[in-house]
Amino acid sequence: KGKGQHLPLLMQLFSDKVKTYQSQFEEIRIAVEHVVNEFGTQGLWVMDRGFDSLRNFRFFNSLQVRFLIRGYHERLIEEHLGVPVKLLPLIQQKTLRGVDTFYKQHVVGKHGQRRKWQQRQTTIRYDYFPIQMVYGSEEEVAERARLELSVIVVEGIGKPGERSFFFTNHPLTTLAEC
């Protein structure tokens, strides 16, 4: 209703005990296709680590919706010249060029005590780089498909020194787009 408010587009329960149940992916596929059919492909679909799979990346890409999915798994990617490399070492080695400082509110006080809000200064460092995920038959290398994605690396939202990473199919060209 008002600016800045969120409204669920679809709420649907499912159970693996029902005879029509096929898989969690199928339930999600049906729900996402329903929302896209009703509202179009505008916006950004934001998902947590449970959606970190090539199958989901391909699915959302096929619907032509923009996504941002928090990464979780190690995987081989193609960097330059078609050479497969591990993603997690690249994330750890990446020099993070972007820096933003902001204040966030957090609760202080022990459980059961009156809540007090305190502001804490937080610094986030971030950067991005393009990757290609390759899928298809190893025997038919020429016919293997490539999925062009960007990886956003962020330090400062988890434990000190810990880096989080996110996949997006939105082609990033500047730090400001992160």
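Residues numbered from 1 in each chain as written. Predicted model: local features only at pLDDT ≥ 70, side-chain atom pairs only at ≥ 80, totals over all residues. Heavy atoms only, no water.

### Structural notes on unusual backbone geometry
Excluding glycine, residues mostly carry a negative phi; peptide bonds, for their part, are mostly trans. You will see that Gln64, though not glycine, has its phi angle at about 60 degrees, which is positive. Within the element layout of this structure, Gln64 appears in the loop between helix H2 (54-62) and strand S2 (66-70). A residue is classified by how much of its surface remains accessible, and Gln64, at 65% relative accessible area, is exposed. (Helix = DSSP H or I, 4+ residues; strand = E, 2+ residues; numbered from the N terminus. Buried < 20%, exposed > 50% of the residue type's maximum accessible area, 1.4 Å probe, protein only.)

### Examining the side chain of Glu27
Note on placement: Glu27 falls in helix H1 (residues 24-39). Comment: no salt bridge for buried Glu27; closest opposite-charge side chain is Arg29, at 8.9 Å. Leaving out residues up to four positions away in the same chain, Glu27 has contacts with Gln12, Phe14 and Tyr21. (Lys, Arg positive; Asp, Glu negative; His and termini not counted. Salt bridge = Lys/Arg side-chain N within 4 Å of Asp/Glu carboxyl O. Contact = heavy atoms within 4.5 Å.)

### A look at H2
For H2, every residue scored as buried is listed here: Asn56, Phe57, Phe59 and Phe60. The buried residues of H2 occupy an angular sector of 165 degrees when the element is viewed end-on, so they sit on one face. In H2, those exposed residues whose orientation departs by more than 90 degrees from the buried face are Arg55 and Ser62. (Arc of directions from axis to C-beta.)

### Remarks on the pattern of salt bridges
Applying the stated rule across the entire model yields 7 salt bridges. For Lys17, the salt bridge is made with Asp16, and the minimal N-O distance between the two is 3.9 Å. Neither residue differs from the other here; Lys17 and Asp16 are each classed as exposed. Notably, a salt bridge pairs Arg97 with Asp127, separated by 2.7 Å at the nearest N-O pair. Of the two residues, Arg97 is situated in the loop between helix H3 (87-93) and strand S5 (98-108) and Asp127 in strand S6 (residues 116-135); the sequence distance between them amounts to 30 residues.

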